[in-house]
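Below are the chains, spelled out letter by letter.
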Amino acid sequence: MNRQFLLLVLGALAAVGIGCAVQGQPFEKMSSPPGTAVIYVYRPYSYGSSALRPAVTCGEDTARIGPGGYHAYIVPAGEKVSCTIETDTADEVEFHTERRSYYVREELGWGWLTAVPHLNPVDTDKAQSEIQSCVLEPQTAPTAEATQTGSVR
């Protein structure tokens with residue numbers, strides 16, 4: 001009986017640790033309004049992806065991207081724009097934006113005890129093949145209480 005219980009617990013832990021791909025609309029490149037650029041941050045799905053969804057901020061917009069998801073950030077062209085991951089090991093990528101599309105892959109490496117997120121700029125050709133398997137990550141609007149306390153999800 002103990003062996004069956006142990007297998008059940010290990011199976012449940014494995015299912016939680018693996019995570020699952022997000023659900024949403026398949027990737028579709030958007031046209032940016034005049035005077036803006038688009039930064040696509042995406043996270044390809046891979047077996048064993050973590051359910052960790054750190055907040056990624058580019059310019060003034062923040063989103064949480066799960067395995068197999070992406071988010072399009074509309075930012076002002078002609079300015080310096082930073083994209084950051086808000087964790088204990090904050091990672092940052094900066095762009096001097098022009099009116100075009102930029103691509104950033106969010107990856108999770110493994111630290112001592114936890115997953116460590118990284119942002120990696122990717123050239124357009126490579127990104128086009130990788131992002132095709134991603135879906136638009138639906139975002140929930142933050143509540144007034146979460147905005148005031150700084151715990152936007």
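Residues numbered from 1 in each chain as written. Predicted model: local features only at pLDDT ≥ 70, side-chain atom pairs only at ≥ 80, totals over all residues. Heavy atoms only, no water.

What follows is about the packing of aromatic side chains. Any two aromatic rings considered together are summarised by their centre-to-centre distance and by the angle between their planes. Under the definition given, this model contains five aromatic pairs. An angle of 70 degrees between the planes, with centres 5.4 Å apart, marks the rings of Phe-27 and Tyr-40 as edge-to-face. Remark: Tyr-40 occurs in strand β1 (residues 36–43) and Phe-27 occurs in the loop between α1 (2–18) and β1; sequence separation between them is 13 residues. Under the relative-accessibility criterion, Phe-27 is labelled buried at 11%. Using a relative accessible area of 0% as the deciding quantity, one classes Tyr-40 as buried. Relative to Tyr-70, the ring of Tyr-40 has its centre 6.2 Å away and its plane inclined at 55 degrees; by these criteria the two rings are tilted. (Phe/Tyr/Trp six-rings, centres within 6.5 Å; stacked < 30°, edge-to-face > 60°. Helix = DSSP H or I, 4+ residues; strand = E, 2+ residues; numbered from the N terminus. Buried < 20%, exposed > 50% of the residue type's maximum accessible area, 1.4 Å probe, protein only.)

So, about the environment of Ile-39. Inspection of the secondary structure puts Ile-39 in strand β1. Taking the C-alpha atoms as reference, Ile-39 lies 8.3 Å from His-71; in sequence the two are 32 residues apart. Setting aside residues no more than four positions away along its own chain, Ile-39 makes contact with Cys-58, His-71, Ala-72, Tyr-73, Val-75, Val-81, Cys-83, Phe-95, Tyr-102 and Val-104. (Contact = heavy atoms within 4.5 Å.)

Think of a sheet as strands paired side by side through backbone hydrogen bonds, with each pair either parallel or antiparallel. An order of β8-β7-β1-β4-β9 is seen for the five strands of this open sheet, with the pairing classed as mixed. Each of the sheet's edge strands pairs with one partner strand only, and the pair in question is β8 (115–122) and β9 (135–136). When strand β7 (residues 101–110) meets β8, the two strands line up antiparallel, connected through eight bridges. What sits directly across from Arg-105, in β8, is Asn-120. (Pairing = 2+ DSSP bridges.)

A separate point is the confidence of the model for the protein chain. Chain-level statistics for the protein chain give a pLDDT mean of 79 and a share of 75% at 70 or above. Mean pLDDT values over the elements of the protein chain span from 42, in helix α3 (residues 144–149), up to 95, in β1. Contacts for the low-pLDDT stretch residues 143–153, under 50 throughout, to residues beyond four places or in other chains number eight contacts. (pLDDT = per-residue confidence, 0-100.)

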